[in-house]
Amino acid sequence: MRLRARLAIVALAIILVPIIVMSLISLDSRIDTMIEDMSRSTDFMIEQIFEQVRLALEQGNGDVAAKLKDSEPVRKVLDSTVAFGPGVVSAALVGTDGKVIVAAHGEGEGKPAPNLPSVAELEADAGHWLLFASLPTLLTSNVYEARRRVEVNNRPVVTISIGITTALIADKARHLLMVIVTTAGLVIAGTLLVVTLISNRILEQLAVLTRGYEQLAAGANPSEIKVSGGNELSTLAEKFNELSRKVRADRSRLDNDQTHLFDAVRSIQDGVVLLDGNGTVLFANEKAQTILAPKKEKEALEGAAFATILGNNHPVLALVESATAGGEAHDVPIVLPDGVKLLVSLFRLGRERVPAGLLVVLRDLQPVIELETALDASNRLARLGTLISGLAHQLRSPLHGMNMRLELLSREAGDVGGKHIDRLRHEVTRLDEAVEALLRFMRPEELKVAEFDMNELLREIGSRAMSDRISIEYDLDPSLPLIRADRGMIYEALTNVITNADQAMRDGGTLKLSSKMDGSTIEVRVADQGHGIAKEQLDRIFDLYYTTKANGSGLGLPFAMRAIELNGGKISIDSQLGQGTVCTVTFPIAANASAKSSVSSAA
């Protein structure tokens, strides 16, 4: 035994040392090559960005940051650098104050640039002899930065920054190390086998049997053992092979069951209950507890009988009993006693006639119902859009003719009738603008985005809504920034909202129009003193064609919501019977802030 051990050590030293040395040299060369390729690729990308920055800075005068922000080619080259550059995780232009001016996909703009190690440090680490000092660093995924300053008149104005990850290099380095380790392991196994064969044939046969039992005990699947001769060792080898085949068959069946279980678990999105063969709950997540037993503690579910938890005549329990006696059930729709609609799937655990357990998956049908409702509303709106577009086109020609006739009539009517004709012409023009806004509303790709004063728009709509029956009260924030949206669409949307408020105050009252800054949004509120809206109606007021008025069309609020959402805003309504209604419209500040900045810089 001592001789065999010495031979094994000598053989391992002779074979393993050259393999390890050559493998490390190869690893060093491969990593150096990959880092050099990454550095050249980074230099090329920086050169492309530099060229676009130079072209952007040469166009006109003004603030450097503003020109770079407004340059579409600069944004495109930054986006494409991240999208197509190998290993690139970020690309940005950093100002002299250390803050990001422009970044790929707008990430981190206006924030301080992250402090990352330089690519030069990575190249220095890769230059260490045989990577002994830097190998742990290169085996982990880190992000390094390549920079280049852009100067105007020998004065730095911006820095090009590209973040490069070493994930690909680390993966390849780990793969090469794994090859080295695997090769060393194979060499060790081969050397031991050779030494065993040389030392003693009987000992070799015993060693083969021993390794087979060890692999079997460790969970591996050893190949069949062949021992020559008709002695006790060959009989023992046959018994071992028989045992190994049986173990492999059992493991294969267990792996199939485990794979089946994992597939079922991966498909889980909502409630999950795991039952054993006796119907006892082994596991139940919070969603399952909320659906099946909301009044019980989670600890009380696990370990309890499923039938006891649900009670008799529960629809889920009926499916469980059916799956236990027969096959699986997939996506079976049921309705719980509290009205919750579910899709229930049951997976049997095990291949026996009586399953070792059941996996119960409970999926909420509400998202599916909401999706179908939204799709139905979209289809109806599309059909309505075709009808309205055709009607609007038919209206425009008579309106233009009326406008021309009024122009001719105003020349003949003199000063007395001219005022009335001008008023009629103003109304015809406003109706034509409404038709134009309706056409653009049905074709949102033709939005006419411009800057306008929301307070001025509210006063204009309020002046038209004021009457002997309705008084208007304003609470407008004078510091409100300009809104950047389609003014015609917003006008029509708010007009619909205010018209509803006017009609809700049948006995008259005060209509309050307010505007203010609310955190990151601009908020517009329309509050009336009408009779209010019932809760069951409040949930449906934005549904197409839904109306509570005798002569209503059910189009005003859905159109208002669509117009506001097309312009980046949101609308909500809060109401209680007898206490009036408040409609809140919000727009994000971010879009308006950039537009305001461009105006001031142009000045």
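Our structure's up above, just so we're on the same page.
Please read all numbers here as calculations on a predicted model, not as lab measurements.

**So, the sheet that holds strand β16 (residues 581-588)**
Reasoning step 1: Spatially, five strands are ordered β11-β13-β14-β16-β15 in an open sheet, and the strand pairing comes out mixed. Each of the sheet's edge strands pairs with one partner strand only, and the pair in question is β11 (470-476) and β15 (570-575). Neighbour-to-neighbour, the strand axes of this sheet turn through a mean angle of 15°, independent of strand direction.
Reasoning step 2: Note that strand β13 (residues 509-518) and strand β14 (residues 521-527) share seven bridges and pair antiparallel. Paired with Lys 516 across the bridge in β14 is Glu 523.
Reasoning step 3: Sheet contacts for helix α14 (residues 454-465): β11, β13, β14 and β16; angle to β11, the most-contacted strand, approximately 170°.
Reasoning step 4: Seen against the sheet, helix α17 (residues 556-566) touches β15 and β16 and runs at an angle of roughly 140° to β15.

**Notes on the packing of aromatic side chains**
Reasoning step 1: Inspection of the entire model under this criterion finds zero aromatic pairs.
Reasoning step 2: Positioned above the aromatic ring of Phe 50, the side-chain terminus of Arg 148 is 4.0 Å from the ring centre.
Reasoning step 3: Lying over the aromatic face of Tyr 474, Arg 459 brings its terminal NZ or CZ to 4.9 Å of the ring centre.

**A closer look at empty space enclosed by the protein**
Reasoning step 1: Considering all chains together, one arrives at one cavity of 30 Å³ or more under this definition.
Reasoning step 2: By volume, the largest cavity amounts to about 60 Å³.
Reasoning step 3: Lining the largest cavity are Val 273, Val 281, Ala 284, Ala 288, Gln 289, Leu 292, Ala 293, Leu 301, Phe 306 and Ile 309.
Reasoning step 4: Secondary-structure elements contributing two or more residues to the lining of the largest cavity are β6 (281-284), α9 (286-292) and α11 (306-310).
Reasoning step 5: For the lining of the largest cavity, the element with the highest residue contribution is α9, accounting for three residues.
Reasoning step 6: Residue composition of the lining of the largest cavity, by class: nine nonpolar, one polar and no charged.

**Some remarks on the pattern of salt bridges**
Reasoning step 1: Evaluation of the coordinates by the stated rule reveals nine salt bridges.
Reasoning step 2: In this structure, Glu 145 and Arg 147 form a salt bridge, with 2.8 Å as the shortest nitrogen-oxygen distance.
Reasoning step 3: A salt bridge links Glu 523 to Lys 516; its shortest N-O distance comes to 3.8 Å.

**A few points about the packing of α14 against helix α15 (residues 487-504)**
Reasoning step 1: The interhelical angle for the contact between α14 and α15, taken along N-to-C directions, is 45°, at an axis separation of 10 Å. For the element pair α14 / α15, the angle class is oblique. Handedness of the crossing formed by α14 with α15: right-handed. Residues Met 454, Glu 456, Leu 457, Leu 458, Glu 460, Ile 461, Arg 464 and Ala 465 of α14 lie in contact with α15, whose contacting residues are Arg 487, Ile 490, Tyr 491, Leu 494, Thr 495, Ile 498 and Asp 502.
Reasoning step 2: Split into classes, the residues belonging to the contact of α14 with α15 amount to nine nonpolar, one polar and five charged.

Criteria and cut-off values
- Residues numbered from 1 in each chain as written.
- Predicted model: local features only at pLDDT ≥ 70, side-chain atom pairs only at ≥ 80, totals over all residues.
- Heavy atoms only, no water.
- Pairing = 2+ DSSP bridges.
- Helix = DSSP H or I, 4+ residues; strand = E, 2+ residues; numbered from the N terminus.
- Axes fitted to C-alpha atoms, helices over the stretch in contact; angles between N-to-C directions.
- Contact = heavy atoms within 4.5 Å.
- Phe/Tyr/Trp six-rings, centres within 6.5 Å; stacked < 30°, edge-to-face > 60°.
- Lys NZ or Arg CZ within 6 Å of the ring centre and 35° of its normal.
- 1 Å grid on protein atoms, 1.4 Å probe; cavity = no way out; pocket = protein on both sides within 12 Å on 5 of 7 lines; lining within 4 Å.
- Points joined across faces, edges and corners; volume = space filled by probe spheres on them.
- Nonpolar A, V, L, I, M, F, W, Y, C, P; charged D, E, K, R; others polar.
- Salt bridge = Lys/Arg side-chain N within 4 Å of Asp/Glu carboxyl O.
- Parallel < 35°, antiparallel > 145°, perpendicular 65-115°, else oblique.
- Left-handed = near helix turned anticlockwise from the far one by under 90°.

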